[in-house]
Amino acid sequence: MIGKFELTISDILQRDIFKTAKVIAGNEGLDKLVRWTHILETNKFDSLINGGELILTTGAGLKLDSSTELTYFRNLINRNAAGICVEIGTHVTHISNEVIQLANQYQFPIIVFDRFVKFVDITQDLHSLIINQHHQMLSQLNELSTKFNELSLLPNGILKILQELNTYLKEETLYITDEARSYYYPPETKYIEEKVRSHLSDFDFHPAKENFISLDEGKFAVVAVKGLGQIWGYLCLQVGQNVLKDFLFSVMDRAALSIAQITLRNRTIEERKQNIEDKVVRNLLHGKDYDADELHTIVPLSANNFHYRLILMQNNRPEINAEEEDWNEIKLQRSVMFRSLFKKHGFYPAVSVSKSDTAIIASFRVKGESEQGIAKFSPIVQAIMDMCVKNIFDGSTCILGISKINKDISALATSYQEAKKVLFLQKANIKSSIFYENIGVYRLLFDHRGEHLKSYINDLLTPLIKYDQETKSELLRTLEVYLNCRGSKKEAAEQLFIVRQTLYHRLRKIGELLGKDFMEPSNRLALEMAIKAYYILDAIGNS
């Protein structure tokens, strides 16, 4: 149970030494907290008052019954003194009505003794009480810290810490993280989780002061859970009317520290797993040896109906030159994001993130032929393109290459080459498809780009290429568009942004250079292949 760790003026009035005291003003401020007592016999006290002190004075040298009286009390109020005790008789005969009105207005208690009292007895009594309460508070905080640390070592430690907070403070408790995962206790608190999360999204958190958010359901104290120089989430606790703020935030700080330790430990484990996964995936991509036991932990190999595609991502914009520590955090965050996305769509992903690319082995269980198609991956592709997490990942700047479906994980190096070919075609603006099975004849051209392919191109296209170079014309481009338009002169002219007479002239010249039968089916097919091969070799040369 929470002890009584804060002393109010009402508490002080119950002490034996205050039995003869009378409150003559500021009755509505009797719940003010008293942090210390201070004997004050001077009106120059700006550097002596920190706030929260109960002032004791006989009025000696202060002239409290003079015109300076009101200024003195107003200064005490402005310095946030808790209240004042005045000995009436020796140096002060009365407190004026103006002062009483001022004290009532600002709820500033004025306590008077109409007989002689020893201020040293008051300070000794109250200071002993305050110190004892402080000692009890530290003792309970230490007990709670020990308890939180013990709970942090147990499974589901974050929820157990929230349960302990709820048991001790009797208030609803939540932990909101940036990863869209939340913890709350008791279970019926779930309904308020979205409201708290929404409020925190625009919350201006101040590390150096006590933070609160206000909802229709009540007021919540907020403490950041921090580690490695960043905020991982927010611990939120509903607060009642008579909250002991200092003690409350001290308890929450200790709980937040234990949650941070859990998070750091989990992230260390996650980083270790990710490094193993990254190494295995990269070895598979490059056809290197790998640890079979490690592979078994990241890729489902036991079932015969498991297949996979390889998704390869590259950024069209250069990566930010982040510090190694920052890059490790970005790498882990991306891995978590991609793994979560693929799992959500029923895949078993293995992820490798590097500064040059991201490779994802997306394994899935096949129940029928219909589940092997492209449609299964389309929602994921769209989700990746829509992803945007500041300083972590922007899907709109990425291009994707996806291999065909494979079953033998040892053939992943082949899938890697397939995905790379798709990326190459996109970067060269030759083909926009992201799936390997959709790149058509380019699959053959990639596999035969040696001297035979060069000879084939030269045999068919040299007259056009040479003519274009000598006359700075566009016969090759004209032929490409004309073939793509299936011989439609109207459509070809529109795509080339030329009039038909110009197109007719170019086609006559092409016929002179290649032969008038260049549109015969077999010749047309050969020319289409040669043009595609020419652009591939040209792109390879430029790259």
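Each value, and the rule that gives it
- Residues numbered from 1 in each chain as written.
- Predicted model: local features only at pLDDT ≥ 70, side-chain atom pairs only at ≥ 80, totals over all residues.
- Heavy atoms only, no water.
- Helix = DSSP H or I, 4+ residues; strand = E, 2+ residues; numbered from the N terminus.
- Rg over C-alpha atoms; globule rule 2.2 N^0.38 Å.
- Buried < 20%, exposed > 50% of the residue type's maximum accessible area, 1.4 Å probe, protein only.
- Areas by Shrake-Rupley, 256 points an atom, 1.4 Å probe, with all protein chains shown as cover.
- Core = buried A, V, L, I, M, F, W, Y, C linked by side-chain atoms within 4.5 Å.
- Contact = heavy atoms within 4.5 Å.
- Polar contact = N/O pair within 3.5 Å; in protein donor to acceptor, adjacent residues only side chain to side chain.
- Pairing = 2+ DSSP bridges.
- Axes fitted to C-alpha atoms, helices over the stretch in contact; angles between N-to-C directions.
- pLDDT = per-residue confidence, 0-100.
- Salt bridge = Lys/Arg side-chain N within 4 Å of Asp/Glu carboxyl O.
- Expected span 1.5 Å × (residues − 1).
- Arc of directions from axis to C-beta.
- Parallel < 35°, antiparallel > 145°, perpendicular 65-115°, else oblique.
- Left-handed = near helix turned anticlockwise from the far one by under 90°.
- Nonpolar A, V, L, I, M, F, W, Y, C, P; charged D, E, K, R; others polar.

1. Looking at the overall build of the protein
- Along the backbone of the protein there are 17 helices and 16 strands.
- Radius of gyration (C-alpha) of the protein: 39 Å, far over the 24 Å computed for a compact globule of 543 residues.
- Here the C-alpha coordinates of the protein stretch approximately 125 × 60 × 35 Å along the principal axes.
- In the protein, which comprises 543 residues, the proportion classed as buried is 45%.
- For the protein, the computed accessible surface area is about 28,800 Å², with 49% contributed by carbon and sulfur atoms.

2. Quick word on the nonpolar core
- If you look at the biggest cluster of nonpolar residues, it comprises 35 residues, and the most contacted ones within it are Tyr442, Leu461, Leu479, Leu503, Ile510 and Phe518.
- When contributions to this core are tallied by element, the ones reaching two or more residues are helix H11 (412-427), helix H12 (442-447), helix H13 (451-471), helix H14 (475-484), helix H15 (489-496), helix H16 (500-514) and helix H17 (521-542).
- Ranked by residues supplied to this core, first place goes to H17 with seven residues.
- Look past the residues within four positions of Leu479 in its chain and what remains in contact with it is Leu464, Ile510, Leu514, Phe518, Leu527 and Ile531.
- Judged by nonpolar contacts, the second largest core, of 30 residues, contains Leu144, Tyr168, Ala221 and Ile259.

3. Focus: the side chain of Glu53
- Structurally, the position occupied by Glu53 is in strand E3 (residues 53-57).
- At 2.8 Å, the side chain of Glu53 forms a polar contact with the backbone nitrogen of Gly51.
- In this structure Glu53 touches Trp36, His38, Leu48, Ala81, Ala82 and Gly83, once residues within four positions along its chain are discounted.

4. Here we look at the sheet that holds strand E16 (residues 398-402)
- Pairing within the open sheet is antiparallel, and its four strands lie in the order E12-E13-E11-E16. Among the strands making up the open sheet, the edge pair consists of strand E12 (348-353) and E16. On average, each strand axis in the sheet is inclined to that of its neighbour by 20°, with strand direction left out of account.
- Examined bridge by bridge, strand E11 (residues 306-315) and E16 share five bridges and lie antiparallel to one another.

5. What to know about the confidence of the model for the protein
- Looking at the protein, the pLDDT average stands at 84 and 91% of residues meet or exceed 70.
- Put simply, H12 is where the protein has its lowest mean pLDDT, 73, and E16 is where it has its highest, 93.

6. Focus on the pattern of salt bridges
- With the rule as written, the count across this model stands at 16 salt bridges.
- Note that Arg309 and Glu437 form a salt bridge whose closest N and O atoms lie 2.8 Å from each other. With Arg309 in strand E11 and Glu437 in the loop between H11 and H12, the pair connects residues that are 128 residues apart, well separated along the chain.
- For Glu437, a relative accessible area of 30% translates into the label partly exposed.
- Among the ionic pairs, Glu528 bridges to Arg524, the shortest N-O distance being 3.5 Å. Here Glu528 pairs with Arg524, and both are found in helix H17, just four residues apart, close to one helical turn.
- Taking the relative accessible area as the measure of exposure, Arg524 reaches 22% and is therefore partly exposed.
- Connected through salt bridges with shared partners, the residues Lys22, Asp114 and Arg115 form a single ionic network.

7. Details of the sheet that holds E3
- Strand order in the open sheet formed by five strands is E1-E5-E4-E3-E2, with mixed pairing between adjacent strands. Of all the strands in the sheet, just strand E1 (22-25) and strand E2 (36-39) have a single pairing partner and so form its edges. In this sheet, neighbouring strand axes are inclined to one another by 25° on average, regardless of whether the strands run parallel or antiparallel.
- The sheet contact formed by E1 and strand E5 (residues 110-113) spans three bridges and is antiparallel.

8. Remarks on H16
- Here H16 contains 15 residues, and its C-alpha end-to-end distance of 21 Å stays within 8% of the 21 Å for a straight helix at 1.5 Å per residue.
- Every buried residue of H16 is accounted for by Leu503, Arg506, Leu507, Ile510 and Gly511. Down the axis of H16, the sector holding all buried residues measures 145°, keeping them to one side. In H16, the exposed positions that point more than 90 degrees away from the buried face belong to Gln501, Arg508 and Glu512.

9. Notes on the packing of helix H4 (residues 119-152) against helix H7 (residues 245-285)
- The geometry of H4 relative to H7 is characterised by a closest axis approach of 10 Å and an angle of 20° between their N-to-C directions. Overall, the two elements H4 and H7 adopt an arrangement that is roughly parallel. Seen along the crossing, H4 lies across H7 with a hand that is right-handed. For the pair H4 and H7, contact is made by Met137, Gln140, Leu141, Leu144, Ser145, Phe148, Asn149 and Ser152 and by Phe247, Ser250, Val251, Arg254, Ala255, Ser258, Gln261, Ile262 and Arg265, respectively.
- Of the residues contributing to the contact of H4 with H7, the split by class is eight nonpolar, seven polar and two charged.

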